[in-house]
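# Survey of secondary and tertiary structure
Here is how the chains run, residue by residue.
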Amino acid sequence: MNTAHEEDAMEALRRRIVADFETANGRHDDPQIYGGPPGDPGLIGPNSVSWELHADLAAVSQAGLATIVLEILHPSVIAGVQDMSSYRQDPFGRARATLGYVLATTFGNTAAATATIERVKHIHSFVTGVRPDGVGYRALDPELIAWVHTCIPWMIMHTFERTNRPLTEREKDRYLAEQAVIGRMGGAEHVPASVAELNDFVAAMRPKLGVTAQTREFIDFLLTAPFLPTLPAAADRALHVLAVYAGMSYAPRWARELTGFDRPSVMTRSLIGPFLRLNVQTLRWAFDKPAYVDLARQRAAAICEPVAVP
Ligand code: HEM
């Protein structure tokens, strides 16, 4: 049996893990977003596959790195990011905004989820320019939106299966169809809404993807930006490289080959599995049920008061 001292120490550790995660990734507990009108299911709803998958904060956060790298394999996406993104000044800010988007659009009340999508679309309307190879780009190009959108549920679904439980084909189709609603609201036209459509879409996009000097610059930043500034520099760098290789282990082999993450050193390779397992188990233990899930469930389950008839 645990002593009171042990319980206090475990609770302190749990709080520390939650606080560290939230410093980097945000709190995602705003009642204005996740609470709201009683009975409001939001854009997707409580009995969805999306609510099960996105409630697993460990899987969603572990999917993040592979998602971003896949997205920026499109030369127009990386051009937009290099020209206009604040990722160098505020890498955690960008990660927080993206995680916030994924959670708010799935669990937020209908008005908050819609407003989140509209706000991001507005930001995207200013993201236009010319790539170094002379090709013009705009973030609201429906094909680019479809690509960036698709990488999100694709990698979350894959990470969830690797770290939580296998999904049936029907569940995967339902999940992609649920998330496609958000992709279309974000400005895409055709968004894969089943596994078959996902495979076709990825196959059609692959010839358009590649690694440019701008992609390389982004990947170098990923590998070298300070990770845990409290650690000595050499340990920080080693841990950082391990974290990036570990995150990329969720990406398909062709993407790892394209980006040079297919040949980790023997030591890194042997540490990837334990690193990911420890990370997932720690987060699941620390968060149990994230606040955004509780708030959204309470909102959706609440009964609307009937309007009194005079
Ligand atoms: C459905 C697809 C997309 C999603 C879900 C998405 C998501 C986001 C989010 C959440 C933000 C942050 C907004 C904020 O500051 O609160 C953002 C900003 C931005 N997005 Fe997108 N994005 C998508 C497509 C694209 C595409 C196709 C491009 C480039 C061609 C792009 C380039 C940018 C840039 C440059 C910013 C500016 C802000 C910054 O990083 O500081 N996005 N996007």
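Located above this text is the structure these notes cover.
Notes on the structure follow. (Residues numbered from 1 in each chain as written. Predicted model: local features only at pLDDT ≥ 70, side-chain atom pairs only at ≥ 80, totals over all residues. Heavy atoms only, no water.)

## Quick notes on the nonpolar core
Judged by nonpolar contacts, the single largest core of 83 residues is most densely connected at Leu70, Trp147, Trp154 and Trp254. Among the elements that line this core, the one with the most residues is helix H8 (residues 142–163), at 11 residues. The contact partners of Trp147, leaving out residues within four places of it in the chain, are Leu70, Glu71, His74, Trp154, Phe201, Val202, Met205 and Leu209. (Core = buried A, V, L, I, M, F, W, Y, C linked by side-chain atoms within 4.5 Å. Buried < 20%, exposed > 50% of the residue type's maximum accessible area, 1.4 Å probe, protein only. Helix = DSSP H or I, 4+ residues; strand = E, 2+ residues; numbered from the N terminus. Contact = heavy atoms within 4.5 Å.)

## Notes on the pattern of salt bridges
Taken as a whole and assessed by the stated rule, the structure comprises 14 salt bridges. A salt bridge links Lys172 to Glu169; its shortest N-O distance comes to 3.4 Å. Of this pair, Lys172 and Glu169 both sit in helix H9 (residues 169–185), 3 residues apart, which is roughly one turn of the helix. The partly exposed category is assigned to Glu169, whose relative accessible area is 47%. The closest approach of N and O atoms between Arg174 and Glu178, which form a salt bridge, is 3.9 Å. Of this pair, Arg174 and Glu178 are both found in helix H9, 4 residues apart, which corresponds to roughly one turn of the helix. When its relative accessible area of 13% is taken as the criterion, Glu178 is described as buried. Among the charged side chains, a salt-bridge network with shared partners connects Glu11, Arg14 and Arg15. (Salt bridge = Lys/Arg side-chain N within 4 Å of Asp/Glu carboxyl O.)

## Some thoughts on the coordination of the iron atom of the ligand
Protein coordination of the iron atom of the ligand rests on one atom only, His124 (NE2), at 2.0 Å. Mapped onto the secondary structure, His124 falls in helix H7 (residues 110–124). (Donors = N, O, S within 2.8 Å, 3.2 Å for Na, K, Ca; no water.)

## Structural notes on the environment of Ala9
Inspection of the secondary structure assignment puts Ala9 in helix H1 (residues 4–25). When the C-alpha positions of Ala9 and Ala300 are compared, they lie 36 Å apart, and in sequence the two are 291 residues distant.

## Some points on a nonpolar patch on the surface
A cluster of nonpolar residues, Met10, Leu13 and Trp285, forms a patch on the protein surface that exposes about 280 Å² of accessible area. Topologically, Met10 is positioned in helix H1. (Patch = residues over 30% accessible without salt bridge, like charges linked within 9 Å, V, L, I, M, F, W, Y side chains within 5 Å. Areas by Shrake-Rupley, 256 points an atom, 1.4 Å probe, with all protein chains shown as cover.)

## Observations concerning the site of the ligand
Looking at the ligand, there are 19 residues lining it, with Ser85, Ser86, Arg94, Arg119 and His124 nearest. Side-chain polar atom of Arg94 to an oxygen atom of the ligand: 2.5 Å apart, as the coordinates give it. A distance of 2.8 Å separates a nitrogen atom of the ligand from a polar side-chain atom of His124. Only helix H5 (75–84), helix H6 (91–107), H7 and H8 provide two or more residues apiece to the shell around the ligand. Broken down by class, the residue content of the shell around the ligand amounts to 11 nonpolar, 6 polar and 2 charged. (Near = heavy atom within 4 Å. Polar contact = N/O pair within 3.5 Å; in protein donor to acceptor, adjacent residues only side chain to side chain. Nonpolar A, V, L, I, M, F, W, Y, C, P; charged D, E, K, R; others polar.)

## Notes on the side chain of His149
Note on placement: His149 falls in helix H8. Residues in contact with His149, not counting those within four places in the same chain, are Gln179, Ala180, Ile182, Gly183 and Val191.

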